[in-house]
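Here is how the chains run, residue by residue.
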Amino acid sequence: MSKKRILFINQEIAPYLPAAEFSTLGRELAQGIQKRGFEVRTFMPKFGAVNERRNQLHEVIRLSGMNIIINDADHPLIIKVASMQPSRIQVYFIDNDDYFQKLDSDEDVYGSNRPDNDERAIFFARGTMETVKKLKWDPAIIHCSGWMTALGPLYLHRICNDDPVYKLTKTVYSVLPGEVTGGLNENILARMRADGIPARDLKKFKGMTPDTKLLHKIAIEYSDAVIFYEETPDPELLEIVQAREIPYITGVELKERGLDAYSDLYNKLSPK
């Protein structure tokens with residue numbers, strides 16, 4: 001019997017970024033779920049803080065080379081890969097010189113203060129979904145974590161939904177702390193519309209402040225389950241989850257059940 005495939009799309013994973021609560025979780029969750037019998041792969045942005053030589057990254061030529069058009073400009077997609085030790089889980093890095101390098105002015109490893117964070121999030125979502133299609137690795141669950149990954153569920157369900165790779169895929173979104181301190185361009189919805197997202201899917205977000213919470217709202221609207229790490233989730237976000245009647249987990253359950261909470265959720269969403 002084949003193993004159930006879980007794809008983690010992470011904002012941060014240790015040791016590729018400095019060890020902190022959620023970068024460490026990115027590593028431990030992937031490794032812990034693999035030990036429970038799942039087949040696991042992971043994606044994250046190739047931020048400038050990621051040391052290629054120390055972490056033994058190398059470019060995957062057959063996956064690189066696509067141009068993604070954002071705001072009427074071509075942006076080359078470069079894919080690099082490394083193996084997480086000791087589990088040997090494949091970690092794929094989405095790279096582009098315009099969006100994920102040149103960190104001199106960044107206030108943190110994610111570049112939260114950049115004025116083009118909307119474009120970076122779009123590029124990361126598109127790049128990840130297109131790369132998984134090229135891999136022909138059909139995940140049962142895609143688990144996105146953090147604001148940089150927030151557009152993944154929308155792009156999966158509205159841009160890639162006809163591809164056989166994603167035919168049975170369910171999505172989970174983790175609401176992580178951290179803000180887009182540089183804000184988001186007020187034209188973020190128009191840019192997604194130009195990228196092929198139907199206007200009807202963006203209508204409900206029109207007029208909302210372009211900020212981190214908007215990204216969380218978009219992710220929750222198109223996810224099949226949500227994880228809140230706070231014991232008391234943001235009431236506005238929780239209201240969306242409850243109105244949609246989708247499963248969710250809070251920090252209380254995570255503290256009590258640990259990895260069991262994740263694996264049970266994955267199996268509930270994709271029983272076979």
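Being a predicted model, the structure only gives us computed values, none of them experimental.

**Remarks on the packing of aromatic side chains**
- Enumeration over the complete set of coordinates arrives at 10 aromatic pairs.
- Seen from their ring centres, F22 and Y229 are 5.3 Å apart, and the 70° between their planes marks the pair as edge-to-face. Taken as a pair, F22 in helix 1 (residues 21-35) and Y229 in the loop between strand 10 (225-228) and helix 9 (235-244) lie far apart in primary sequence, 207 residues in all. Summarising the burial analysis for this pair, F22 and Y229 share the class buried.
- An aromatic cluster is built from F47, Y99, F100, Y110 and F123, whose rings are joined through pairwise contacts.

**Observations concerning the side chain of T212**
- Among the structural elements, T212 can be located in helix 8 (residues 212-221).
- When neighbours within four sequence positions are excluded, T212 is seen to be in contact with W147, G178, E179 and V180.

**Remarks on the sheet that holds strand 3 (residues 58-59)**
- Taken in spatial order, the nine strands of this open sheet run 3-6-7-2-1-8-9-10-11, and their pairing is mixed. The two strands at the open ends of the sheet, each matched to only one other strand, are strand 3 and strand 11 (248-249).

**Details of the confidence of the model for the chain**
- Averaged over every residue, the pLDDT of the chain is 93; residues scoring 70 or more account for 99%.
- Per-element mean pLDDT across the chain ranges from 89 in helix 3 (residues 97-100) up to 98 in strand 10.

**Quick look at helix 4 (residues 117-135)**
- Across its 19 residues, helix 4 extends 27 Å between first and last C-alpha, which sits within 8% of the 27 Å expected from 1.5 Å per residue.
- Counting buried residues along helix 4, 17 of its 19 residues qualify, which places the element largely inside the surrounding structure.

**Thoughts on the pairing of strand 4 (residues 67-70)**
- Side-chain alternation along strand 4 places I68 and I70 on a buried face and N67 and I69 on a face that remains uncovered.
- As defined by bridge partners, strand 4 adjoins strand 5 (residues 73-76) across four bridges and the pair is classed as antiparallel. Paired with I68 across the strands is H75, a residue of strand 5.
- Between strand 4 and strand 5, which pair antiparallel one after the other, the connecting turn spans two residues, and N71 there sits at a positive phi close to 55°.

**Structural notes on helix 9**
- What helix 9 keeps buried is the set L237, L238, I240 and V241. Down the axis of helix 9, the sector holding all buried residues measures 155°, keeping them to one side. More than 90 degrees from the buried face of helix 9, the exposed residues found are P235, E239 and A243.
- For helix 9, the elements touching its buried residues are strand 9 (170-175), helix 8, strand 10 and strand 11.
- Near the N-terminus of helix 9, the side chain that reaches the backbone nitrogen of E236, with its oxygen 2.8 Å away, is that of D234.
- In the segment just after helix 9, E245 is the residue with positive phi, at about 60°.

**Focus: unusual backbone geometry**
- Here the amide bond leading from A14 into P15 is cis, since omega sits at 10°, within 30 degrees of zero.
- One can find P15 in the loop between strand 1 (5-10) and helix 1.
- The amide bond that connects Q85 to the next residue, P86, takes the cis arrangement and shows omega of 0°.
- Position of P86 among the secondary structure elements: in the loop between strand 6 (78-84) and strand 7 (89-95).
- The backbone phi angle of E245 is positive, close to 60°, even though this residue is not glycine.
- The class of E245 is exposed, set by a relative accessible area of 72%.

**Observations concerning the pairing of strand 6**
- Within strand 6, five of the seven residues are buried, which leaves it mostly tucked inside the rest of the structure.
- In this sheet, strand 6 lies alongside strand 3 in antiparallel orientation, the contact comprising two bridges. Looking across to strand 6, one finds that H58 is bridged to V81.
- Note that strand 6 and strand 7 share seven bridges and pair antiparallel. Bridge assignment links A82 to a residue of strand 7, and that residue is V91.
- Between the antiparallel neighbours strand 6 and strand 7 lie four residues, among them R88 with a positive phi of about 65°.

**A look at the nonpolar core**
- By size, the foremost hydrophobic cluster in this structure holds 93 residues, and its most contacted members are Y16, I33, M44, L151, M192 and Y266.
- If one sorts the elements of this core by residue count, helix 4 sits on top with eight residues.
- Setting aside chain neighbours within four positions, we find Y16 in contact with M44, A49, V50, N55, A82, S83, M84, V91 and F93.

Parameters and conventions
Residues numbered from 1 in each chain as written. Predicted model: local features only at pLDDT ≥ 70, side-chain atom pairs only at ≥ 80, totals over all residues. Heavy atoms only, no water. Phe/Tyr/Trp six-rings, centres within 6.5 Å; stacked < 30°, edge-to-face > 60°. Helix = DSSP H or I, 4+ residues; strand = E, 2+ residues; numbered from the N terminus. Buried < 20%, exposed > 50% of the residue type's maximum accessible area, 1.4 Å probe, protein only. Contact = heavy atoms within 4.5 Å. Pairing = 2+ DSSP bridges. pLDDT = per-residue confidence, 0-100. Expected span 1.5 Å × (residues − 1). Arc of directions from axis to C-beta. Polar contact = N/O pair within 3.5 Å; in protein donor to acceptor, adjacent residues only side chain to side chain. Core = buried A, V, L, I, M, F, W, Y, C linked by side-chain atoms within 4.5 Å.

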